Each structure stands twice: as structure tokens, then as C-alpha cells.
Amino acid sequence: MAKLVLSFNGDVIRDYDLDQETMTIGRKPDNDIHIDNLAVSGRHAKILTILNDSFIEDLNSTNGTYIGGEKITKHALKNGDIIAIGKHELKYENAAQAGADDEEGEFEKTMIIRPDAAGMPVEEEADKKLEKSIGKIASDLASAGASGSSGPGPASLKLLSGTNSGKALKLTKILTTLGKPGVQVAAITRRPTGYFLIVVDSGSSATNPMVNDEEVGKQAHPLKSEDVIEVAGVKMGFYLD
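These figures come from a predicted structure and were not determined experimentally.

K.L.:
Sorry, what's going on with the side chain of Thr49 here?
P.N.:
Structurally, Thr49 is set in strand E5 (residues 45-50). We classify Thr49 as buried; its relative accessible area is 10%. A polar contact of 3.0 Å, which involves the side chain of Thr49, links it to the side chain of Ser54. Not counting the four nearest positions on each side in its chain, Thr49 is found in contact with Leu18, Gln20, Glu21 and Ser54.

Here's what the structure looks like:
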């Protein structure tokens, strides 16, 4: 189970297990994560957790929510992220995600998009657009009940083109974002009824991502085992394990 570790000036105050779908952070005592400090708004931010993934959203706080020194609105959390709220810090720890990150390896370097990653060559406005789109998809998944225990079995992707052809990735997350910012971006979502491909941003591409050489539309496209997906010029196979 993922957790947040609250600290102040380097001293750990307490841990919070992310054992609820939605948890709030703020100065008011009825928040799930209570931070009694004037720099913190009454309802400062909220954490949305779907299976093994968590997302943070700033709730129009007065002083903002920061990760890696950058002010965020919505953000897909990754293991080791430090959330700064006033002078307090919340470290996101997710052992399951850490293992998945190790497994991604070369596949991530080729196709997995982390629009919040340090050093990624993404224009600021494009970065914000991606973050907002991904955050909305996460919220839609929660509304659709994607966090339930029922659902499809495990699946994986295998690169079919490019220098890392043959590399594979198990889809352990509720949301996996693929492509190249500014060119073409799509997301694979895991829902109770199956896996779906969603167009996030067509970017400079004249077409949307393809499945079996056919362009997908704006609606979520259901995926079948052995489908061939093409995003930003890279082909990959989708397989139900």
C-alpha cells in the first residue's frame, strides 16, 4: 500500500496510508491529512488513489502545491515524489510502483511518458496540457468505478519497432501514457470491462493513434489481445497474459 510521510524541517511527524480512494489535505481538523499551519489552506489538496496509482490535485489553495520546485494543479505521483505544502513536506512512497519502474527499463526510455519528470524536453504549456488531460482521465476512471476489485486479467505491451524492438512491459498500472509530447500522446486505461486506448493529444500529427492500422476516434477504443497499437510512429503489440 502506498503512503505519504509528513515531515517538517526534516523531522518526520507521521505516516499516512493511502487506504481510501480520496483523501484531503489541509489545515481544518476534519481533513484526512491534517497540517496545522497558517501557510496551509483549510482544504489545500486532495489525493486520488486508483489501485496502485495516486494522483494529487491542488484545491485552489492560497500558497499552492509544489513538486520538485514546480507548482502543480494535477499531478500523477511517482515513488519518491516530495510534495511541498507551505514548510511541510509529504514524501510519496509506493513499493509496488518502484518495482514496476525497475521493470520498465528501456521500454520507458522509448515510450512511457512522465510529463512531470525532471529534464524532460517538453514545453511548459504542453507539459501543463498533458498534466491536465492525464488528471482528467484519472478522475473519469474513478467516477467509472475503475478502482473496483473486478476487472480484466493482467496484460503487457511489446515494442514491435524502433531500436528497442522486443522490449516488453507489464501493464500493472491503471493508467499508462504513451507517445511523444508535441507529436502524439495516448493512454491505455484498465477498467472493470477491459483495457482501452484513449487519445490524449494529437500534437503535430495529422492523425490519431492507430490500432491494427486503423485510426482511433475520440472515444475510448477497446483493446483485444494481439492488437497492434501505433503511437508517435512506434508500433507495439498488446497482449492479455
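So, next bit.
K.L.:
What am I meant to see in the sheet that holds strand E20 (residues 227-231) here?
P.N.:
Hydrogen bonding along the main chain pairs the strands of a sheet, whether they run parallel or antiparallel. A sheet is described by the order of its strands in space; here 6 strands give the open sequence E13-E12-E21-E20-E17-E18, paired in antiparallel fashion. Unpaired on one side and paired on the other, strand E13 (168-170) and strand E18 (214-215) mark the two borders of the sheet. Taken together, the 5 bridges between E20 and strand E21 (residues 234-240) define a ladder with antiparallel strand orientation. Note that in E21 the partner of Val228 across the bridge is Gly237.

K.L.:
Sorry if this is basic, but what is going on with the sheet that holds strand E16 (residues 194-201) here?
P.N.:
One open sheet accounts for 4 strands, arranged E14-E15-E16-E19; its pairing is antiparallel. Edge strands, defined here as strands with exactly one partner in the open sheet, are strand E14 (175-180) and strand E19 (221-222). Here 6 bridges tie E14 to strand E15 (residues 184-191), and the two strands are oriented antiparallel to one another. Following the sheet pairing, Gly179 is matched in E15 by Val185.

Rules of the game
Residues numbered from 1 in each chain as written. Predicted model: local features only at pLDDT ≥ 70, side-chain atom pairs only at ≥ 80, totals over all residues. Heavy atoms only, no water. Helix = DSSP H or I, 4+ residues; strand = E, 2+ residues; numbered from the N terminus. Buried < 20%, exposed > 50% of the residue type's maximum accessible area, 1.4 Å probe, protein only. Polar contact = N/O pair within 3.5 Å; in protein donor to acceptor, adjacent residues only side chain to side chain. Contact = heavy atoms within 4.5 Å. Pairing = 2+ DSSP bridges.

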